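# Structure at a glance
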Amino acid sequence: MTAQAYVPLPMDRCTSELRREAARFADAARDLPLTEPVPTCPGWTLGDLVRHLRQGHEWATTILATRSTEFVLPGGDPAGGADDDTSWTERVAGLGARETAEDSRLLDPGLRARFVTEGADRLVEAIGGIGPEVPVWAPHGKQNKEFWPRWAMYETTVHRADADLLAGRPFELAMDVALDCVDFCVAAFGVPEARPFHSPLFAEVPRGGETLSFRSAGGAPGRVSSWLVTCAPDGVRVTRNAPDGTPADATVVASPSDLLLVVKGRLRPESPRVTVSGDRELLDFWLSHAIS
């Protein structure tokens, strides 16, 4: 999948950033109405987004705390399966449907903030409570806890962006964190095991050898700053740090933070903060079909 081995951010950096991003999310969402629609998550309200983030943290905590070696749906049986036949996509789409009693915890700004940060704190504790050699299920990669700190940092960061954009706040990340989050997102498109967690439309992306280049306008020592996506007939491939001058049918260049927003569909390519060259129709099709 890649042209070079990739070394992710250290685990303790990921967990500290997870806590920091959860606190930033809580601050942005603190005083907004729970019924406020979230433009970057069509069909969701702020209340849905808050509950979704907490449930994501609880899902990962359950997997780690129970040492589950099998896939568990959010809200499913931690002993190794879902409590019904609901698919992953259907379950995630319905994360906002929770009991009214739980909403009372979110009405008070202070309790709402604690609701978010407590979930992150428990997940960090679960990560620290399991050794690196202990087998545990992960969507792809090594079947141990290695996946989860990076996933949690990435997931919380993207939803912090949703909260910031809703609140009219600027979204900015440390350069190395932004680049790691972009890599977590883009590199997964080339991992067959990750397909169930992509958009259901991902199966429709081109397979004729089309190429898309996502490049950061800035870099950080030891961090990957460009990704070449090749839509090959035998599957999507992702090459990290392709040599300068490598041709691509469509190229996107933006700051690390903005590039994360683009690859997650939170910032449109026509933004003046983004530079696009090449086949815009291909880029638009990719973004509308690859992003969940």
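All of the points below concern the structure found in this document. What you see is a predicted model; the values in this text were computed from it and never measured.

## Quick look at the nonpolar core
- One finds Trp-148, Leu-212, Phe-214, Leu-260 and Trp-286 to be the most contacted residues of the largest nonpolar core, which totals 84 residues.
- Looking at this core element by element, the count peaks at 10 residues for helix H6 (residues 147-167).
- Residue contacts for Leu-260: discarding those within four places in its chain leaves Tyr-154, Thr-157, Val-158, Phe-171, Leu-173, Cys-181 and Val-182.

## Observations concerning the sheet that holds strand S4 (residues 250-254)
- If you walk across this open sheet you meet the 5 strands as S3-S2-S1-S4-S5, and the pairing is mixed. With partners counted over all chains shown, the strands left at the sheet margins are strand S3 (235-240) and strand S5 (275-278), one partner each. Looking at each pair of strands side by side, their axes are set apart by 15 degrees on average, direction ignored.
- The pairing of strand S2 (residues 226-232) with S3 spans 6 bridges and is antiparallel. Looking at the pairing, Trp-227 lines up with Arg-240 of S3.
- On the sheet, helix H9 (residues 280-290) packs against strand S1 (210-216), S2, S3, S4 and S5 and is oriented at approximately 80 degrees with respect to S1.

## Examining the side chain of Arg-266
- Its place among the elements puts Arg-266 in the loop between helix H8 (256-263) and S5.
- Within polar-contact distance, the side chain of Arg-266 engages the side chain of Asp-162 at 2.7 Å.
- With residues near it in sequence (within four places) discarded, Arg-266 still touches Thr-40, Cys-41, Val-158, His-159, Asp-162, Leu-165 and Leu-261.

## Some remarks on helix H1 (residues 11-29)
- Taking 1.5 Å of rise per residue, the 19 residues of H1 would be expected to cover 27 Å, and the 27 Å separating its terminal C-alpha atoms lies within 8% of that figure.
- Restricting attention to buried positions, one finds in H1 the residues Cys-14, Thr-15, Glu-17, Leu-18, Glu-21, Ala-22, Phe-25, Ala-26, Ala-28 and Ala-29.
- Along its buried surface, H1 packs onto helix H2 (46-65), helix H5 (109-128), H6 and helix H7 (175-187).

## Looking at the environment of Leu-46
- Take Leu-46: it is sitting in helix H2.
- Taking C-alpha positions, Leu-46 is 7.6 Å from Ala-29, a pair spaced 17 residues apart along the chain.
- Leaving out residues up to four positions away in the same chain, Leu-46 has contacts with Ala-29, Leu-32, Pro-33, Leu-34, Glu-36, Val-38, Arg-112 and Leu-166.

## Structural notes on the environment of Leu-259
- Assignment of secondary structure puts Leu-259 in helix H8.
- What Leu-259 contacts, discounting residues up to four positions off in sequence, is Val-182, Phe-214, Arg-215, Ser-216, Trp-227, Val-252 and Ala-254.

Here is what the cut-offs are and how they apply
- Residues numbered from 1 in each chain as written.
- Predicted model: local features only at pLDDT ≥ 70, side-chain atom pairs only at ≥ 80, totals over all residues.
- Heavy atoms only, no water.
- Core = buried A, V, L, I, M, F, W, Y, C linked by side-chain atoms within 4.5 Å.
- Buried < 20%, exposed > 50% of the residue type's maximum accessible area, 1.4 Å probe, protein only.
- Helix = DSSP H or I, 4+ residues; strand = E, 2+ residues; numbered from the N terminus.
- Contact = heavy atoms within 4.5 Å.
- Pairing = 2+ DSSP bridges.
- Axes fitted to C-alpha atoms, helices over the stretch in contact; angles between N-to-C directions.
- Polar contact = N/O pair within 3.5 Å; in protein donor to acceptor, adjacent residues only side chain to side chain.
- Expected span 1.5 Å × (residues − 1).

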